[in-house]
Amino acid sequence: MNPQVLQYFSPYPTKLLEDESAPMSGICVEVNNFCRSKFAEKPECATFYADLLNKPDGCYRCPFGLSACRFSAVGVPLAITCVIPLPRDAKNRNPDEDAKLKSQPTSGVERTSIEKAIASFATLGDTYASLEEQALRKLPHALHEIRKLNAIIKTESEALTHTTSLTECVTIHRASEFMSTQFDLLDLLINESIVELPVKKKVQLDALVHKCVKIFEIRADQNKTGLQFTDREAVWVTCCDKTLPIIVTILLDNAIRYSPEKTTVRVHVR
């Protein structure tokens, strides 16, 4: 689960404690200008949040007088932050908070509201995890049905390329081959752990790249980008035959996607 998904539904500003990202504004309350500037300029903020990661759940006052309420949801350590919990702690009342409340009135949040928001995170996390589990159960079947349809299109378009001169048939065939490579990647992500796949097969890299270049020619045309395969040498590599095509595909896709129009992507295998 992407931890940022939790933040998107928070009414108040939140901070992921396991990375260095800035606090994210909530749906109802934005990160106030005071905290935004201090986080960008002062190392004390980074130190405060780093220390907060290893502390038990609860509200802690930052070096500049505001508070961060630490909690965990679905195993993700978070903090509702950039707030001043109300009513304030009479014993440890900070006079600076009066000025901050006047200049940033939205930072004053009822403690009970913070507690309710934290409780809702647990419910949200459980619901999201349940939806993810349902999706993972249904996705392989849907992927299988789409692959079957694409296989039919691929077979028919390939046959037509041998019996007709229509360029549309070549385009459709290459598009279906491109879809096949994307399905292979999805299949790996859903059904297998990529890092556990064996590296044991000999593959002719230049032949694989040549095939991928042919598949991506349609994509290059759509982006108004040239695509040339030059300086080809016979190169054999020991690899995982399931993941190597994905690497070539990603490299070509990025090269075409981020190249300016009317330029040429040149591919070399040595």
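Analysis parameters
- Residues numbered from 1 in each chain as written.
- Predicted model: local features only at pLDDT ≥ 70, side-chain atom pairs only at ≥ 80, totals over all residues.
- Heavy atoms only, no water.
- Salt bridge = Lys/Arg side-chain N within 4 Å of Asp/Glu carboxyl O.
- Helix = DSSP H or I, 4+ residues; strand = E, 2+ residues; numbered from the N terminus.
- Disulfide = S-S within 2.5 Å.
- Patch = residues over 30% accessible without salt bridge, like charges linked within 9 Å, V, L, I, M, F, W, Y side chains within 5 Å.
- Areas by Shrake-Rupley, 256 points an atom, 1.4 Å probe, with all protein chains shown as cover.
- Buried < 20%, exposed > 50% of the residue type's maximum accessible area, 1.4 Å probe, protein only.
- Arc of directions from axis to C-beta.
- Contact = heavy atoms within 4.5 Å.
- Pairing = 2+ DSSP bridges.
- Core = buried A, V, L, I, M, F, W, Y, C linked by side-chain atoms within 4.5 Å.
- Phe/Tyr/Trp six-rings, centres within 6.5 Å; stacked < 30°, edge-to-face > 60°.
- Lys NZ or Arg CZ within 6 Å of the ring centre and 35° of its normal.

### Side note on the pattern of salt bridges
- Overall, the coordinates contain seven salt bridges when judged by the stated rule.
- As a salt-bridge pair, arginine 70 and aspartate 57 come within 2.8 Å of each other at their nearest N and O atoms. Placement of the pair is arginine 70 in strand S3 (residues 67-73) and aspartate 57 in the loop between helix H3 (43-53) and strand S2 (58-61), with a sequence separation of 13 residues.
- Where lysine 201 meets aspartate 241, a salt bridge forms, and the shortest distance between an N and an O atom there is 3.6 Å.

### Notes on the state of the cysteines
- Counting across every chain of the model gives one disulfide.
- Through a disulfide, cysteine 59 is tied to cysteine 69; the S-S separation comes to 2.2 Å. With the S-S dihedral at roughly 95°, the linkage between cysteine 59 and cysteine 69 falls on the right-handed side. Of the two residues, cysteine 59 is situated in strand S2 and cysteine 69 in strand S3; the sequence distance between them amounts to 10 residues.
- No disulfide involves cysteine 28; its sulfur sits 15 Å from the nearest other cysteine sulfur, which is in cysteine 82.
- Free cysteine cysteine 45: the closest other cysteine sulfur is in cysteine 62, separated by 6.3 Å.

### With respect to a nonpolar patch on the surface
- A surface patch of nonpolar side chains, about 370 Å² in accessible area, is lined by Tyr8, Phe9 and Ile27.
- Along the polypeptide, tyrosine 8 turns up in helix H1 (residues 3-8).

### Structural notes on H3
- Those residues of H3 that fall on the buried side of the exposure criterion are Cys45, Phe48, Tyr49 and Leu52. Looking down the long axis of H3, one finds its buried residues gathered within 90° of arc, a one-sided arrangement.
- The inward-facing, buried residues of H3 abut strand S1 (14-16), helix H2 (33-41), S2, S3 and strand S4 (76-86).

### Focus: the side chain of glutamine 7
- Mapped onto the secondary structure, glutamine 7 falls in helix H1.
- Those residues in contact with glutamine 7 that sit more than four places away from it in its chain are Thr14, Lys15, Leu16, Met24 and Leu78.

### Concerning the pairing of S2
- Relative to S3, S2 runs antiparallel, the two sharing four bridges. By the bridge assignment, tyrosine 60 is partnered in S3 with alanine 68.
- In textbook terms, the turn of a hairpin is the stretch between consecutive antiparallel strands, and for S2 and S3 this stretch comprises five residues, one of which, glycine 65, has a positive phi near 95°.

### As for unusual backbone geometry
- Of note, the bond from leucine 86 into proline 87 is cis; its omega dihedral lies within 30 degrees of zero at -5°.
- Tracing the chain through its elements places proline 87 in the loop between S4 and helix H4 (96-103).
- For valine 74, which is not a glycine, the phi torsion comes out positive at approximately 50°.
- Its place among the elements puts valine 74 in the loop between S3 and S4.
- Judged by its relative accessible area of 44%, valine 74 falls in the partly exposed class.

### Overview of the nonpolar core
- Val209, Leu227, Leu252 and Val267 are the most contacted members of the largest nonpolar core, which totals 21 residues.
- The set of elements that each furnish at least two residues to this core consists of helix H7 (205-222), strand S7 (226-232), helix H8 (244-257) and strand S9 (264-269).
- A per-element tally of this core places H7 first, with eight residues.
- Contact partners of leucine 227, with chain neighbours within four places excluded, come to Val213, Phe216, Glu217, Ala220, Leu252, Ile256, Thr264, Val265 and Val267.
- The next biggest cluster of nonpolar side chains, apart from the first, holds 16 residues, and it includes Phe48, Tyr49, Leu52 and Leu66.

### Points about the packing of aromatic side chains
- Going through the model one piece at a time under the given rule, you end up with four aromatic pairs.
- Taking the centre distance of 6.4 Å and the plane angle of 80° together, the rings of phenylalanine 34 and phenylalanine 64 count as edge-to-face. In this pair, phenylalanine 34 is assigned in helix H2 and phenylalanine 64 in the loop between S2 and S3, connecting sequence segments 30 residues apart.
- The exposure class assigned to phenylalanine 34 is partly exposed, which follows from its relative accessible area of 24%.
- Taken together, the ring pairs in this structure connect Phe39, Phe48 and Tyr49 into an aromatic cluster.
- Lying across the ring of tyrosine 49, lysine 15 places its NZ or CZ 5.5 Å from the centre.

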